[in-house]
There are 2 protein chains.
Amino acid sequence: MAAKRSGARSKRSQRVSERLQPVQEPRSEPPLSRERIVATAVELLDDRGVDGLTMRGLADRLGSGVMSLYWHVDNKEDVFDLALDSVLEYRGPPQIVESQDWREEVVHLLEDWRASMLRHPWSASLLPRRALGPNILSRLELLSMTLSRAGVADADLNVAIWSLWNYVMGATITRASFDVSDDDRAAAQQRLTRLSERYSTIERSRLLLDNDWDGAFRKGLAFLLDGLAPR
Amino acid sequence: MAAKRSGARSKRSQRVSERLQPVQEPRSEPPLSRERIVATAVELLDDRGVDGLTMRGLADRLGSGVMSLYWHVDNKEDVFDLALDSVLEYRGPPQIVESQDWREEVVHLLEDWRASMLRHPWSASLLPRRALGPNILSRLELLSMTLSRAGVADADLNVAIWSLWNYVMGATITRASFDVSDDDRAAAQQRLTRLSERYSTIERSRLLLDNDWDGAFRKGLAFLLDGLAPR
DNA sequence: GAGATGACTCGTGCGATGTACGAGTCATCG
DNA sequence: CGATGACTCGTACATCGCACGAGTCATCTC
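Every value quoted in this text rests on a predicted model; they were computed, and no experiment measured them.

(A) Here's a closer look at the interface of chain A and chain B. Every contact between the two is made by 49 residues of chain A and, on the other side, 49 residues of chain B. Buried surface at the junction of chain A and chain B, both sides included, amounts to about 4,600 Å², of which 63% is carbon and sulfur. At the junction of chain A and chain B, the tally comes to two salt bridges. Salt-bridge contacts for B:Asp154 lead to A:Arg204; the nearest nitrogen and oxygen are separated by 3.9 Å. Along the contact surface separating chain A from chain B lie 17 residue pairs in polar contact (both at pLDDT 80 or more). Put simply, the parts of the chain that give the side of chain A that touches chain B at least two residues each are α7 (134–149), α8 (154–180), α9 (182–194), α10 (200–204) and α11 (213–228) of chain A. Per-class residue counts for the side of chain A that touches chain B are 25 nonpolar, 14 polar and 10 charged.

This is the structure we're talking about:
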């Protein structure tokens, strides 16, 4: 019987190149592959959100049977893990100016991180409960190196990294979830107004209506960096 | 036919007090109520996590039929919303010393927030996608007032609040998810070691093994507060 | 060639889930 | 006494993840 790939992911042999030209029914879909599955899962997640991803729906969109997916993928959780990491690849800072000051590099890395997740809002709610894939680790490594080269003491390095991570995660997750429910936010602010004696301060500052997310993110990040490495 | 409560939650009439003593079968459970449902949902979430909460399981634990729940509650999402907010009530700072300096008040509020969520780890992964209940809003109001009284300019208030929110949410969510998967974390660090040429910096600082979550939270928060309101 | 191997696909079927529907119970009121 | 309305609950259904095992086909071994 088929030996079904074990926990350690063994890629299928790349005999694809040696395949004869697919004379049979050239209109049929290309063969399944982990990459194609992941890419399609990302599409589907973008279209329909976390709850919209079902193995049946994924198979439909791939033109395959449901159970074929399980050859390439362990289970549905695996699909989430792979989709998440695939969306978080980092291409590095713009190379126009090579060695800028470290603050700009950190800001770029983190703003890009946030942007990548907001491009796929499901990723924000997914990241917290999932494993750290290679792309995520690469980003952490790069961040770590930059901070270290910037002179952050080794003893403070972990605190600094986690602080930035926390800030970015919180900001992104919050933004992504509020973005989905713009109406809810207005409704919430209205509820506030109705109860204005209990929530007068946040009602007055229109906390829930403030729409300058990008600006707030940048400003808050600047504050945090000021605290981490006073200029 | 029963008029099933509409969107606006109409509480059941509190005719409970006028009930005759429940002579019939004193061993049966007390009657269903929204409060009892929510409390039991919290128990069940604590025991079995987010995926462990099912309407059937909830009904079982309450000794009721499944569909009876739907009289008191709109749907499963509603249960999550209510459980989440019920867990985030804030009792205020220790009143031993009434008017401390504002930093201490803020730190206490936020550390308590984090602690409340970590006591119920499911709440961390739930908060991002759910509505803001009254308890959550109260906390925001109090935070806002404290910062305002501390002299934070109105123009910076929203940024300050969201920065702190982001930090706390990120820290708590991260902590809660890593806590669940302590082994995974060790495994991840081992993977790092195996690939140490690619991830040398975070491997060296043992980023994924650092266990002083509380200390890191406090230190990072101090950094952020330094940035927000330099002393 | 013949047969074995193993990569890959897929149909069927099971158990679990959220909840719509409508029928049931019972205290209260006019 | 009959009506009302608050509340309970059994049945039923569509949908889900996935276990199982049978099927296809290219390649390898002798």
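After that view, the rundown keeps rolling.
(B) Broad picture of the relation of the copies chain A and chain B. Structural alignment of chain A on chain B gives an RMSD of 0.0 Å, achieved by rotating through 180 degrees and translating 0.0 Å along the axis. Put plainly, the chains are arranged around a two-fold axis.

(C) Looking closely at the packing of helix α5 (residues 102–119) of chain A against α7(A). Residues and elements named next belong to chain A. Their axes nearest at 9 Å, the elements α5 and α7 cross at an angle of 160 degrees. The angle between the axes of α5 and α7 places the two elements in the roughly antiparallel class. Handedness of the crossing formed by α5 with α7: left-handed. Packed against α5, whose contacting residues are Trp102, Glu105, Val106, Leu109, Leu110, Asp112, Trp113 and Ser116, the element α7 presents Ile136, Arg139, Leu140, Leu142, Leu143, Thr146 and Leu147 at the interface. Of the residues contributing to the contact of α5 with α7, the split by class is 10 nonpolar, two polar and three charged.

What counts, and at which threshold
Here the residue index of a chain counts from 1 through its sequence in written order. To read the labels, note that chains go from A and ligands from 1, taken in the order they are written. Residue-level local features of this predicted model are given only where pLDDT is at least 70; pairs of side-chain atoms are given and counted only at 80 or more, and the full residue set underlies all totals for whole chains, interfaces and linings. The basis for every side-chain value is the complete set of heavy atoms in the structure, and neither hydrogens nor water enter the calculation. Whether two residues are in contact is decided by their heavy atoms: any pair within 4.5 Å suffices. What counts as buried area is the accessible surface, traced by a 1.4 Å probe, that two parts surrender upon association, with contributions from both included. Salt bridge, as applied in this entry: a Lys or Arg side-chain nitrogen positioned within 4 Å of an Asp or Glu carboxyl oxygen. Contacts described as polar in this section are N or O atom pairs within 3.5 Å, which, within protein, must combine one atom able to donate a hydrogen with one able to accept it, while residues neighboring in sequence count only if both atoms come from side chains. Elements are defined by DSSP. Helices are runs of H or I of four residues or more, strands are runs of E of two residues or more, and each kind is numbered from the N terminus. Residues are grouped as follows: Ala, Val, Leu, Ile, Met, Phe, Trp, Tyr, Cys and Pro are nonpolar; Asp, Glu, Lys and Arg are charged; all remaining types, including Gly, are polar. The copies were overlaid with a least-squares fit restricted to C-alpha atoms from residues scoring a pLDDT of at least 70 in each copy. Helix axes use the C-alpha atoms of the stretch in contact, all axes being lines fitted to C-alpha atoms, and the angles between their N-to-C directions lie in the range 0 to 180 degrees. With respect to orientation, any angle under 35 degrees is reported as roughly parallel, any angle over 145 as roughly antiparallel, any angle of 65 to 115 as roughly perpendicular, and every other angle as oblique. It is the rotation of the near helix from the far one that decides the hand of a crossing: anticlockwise by less than a right angle makes it left-handed, clockwise makes it right-handed.

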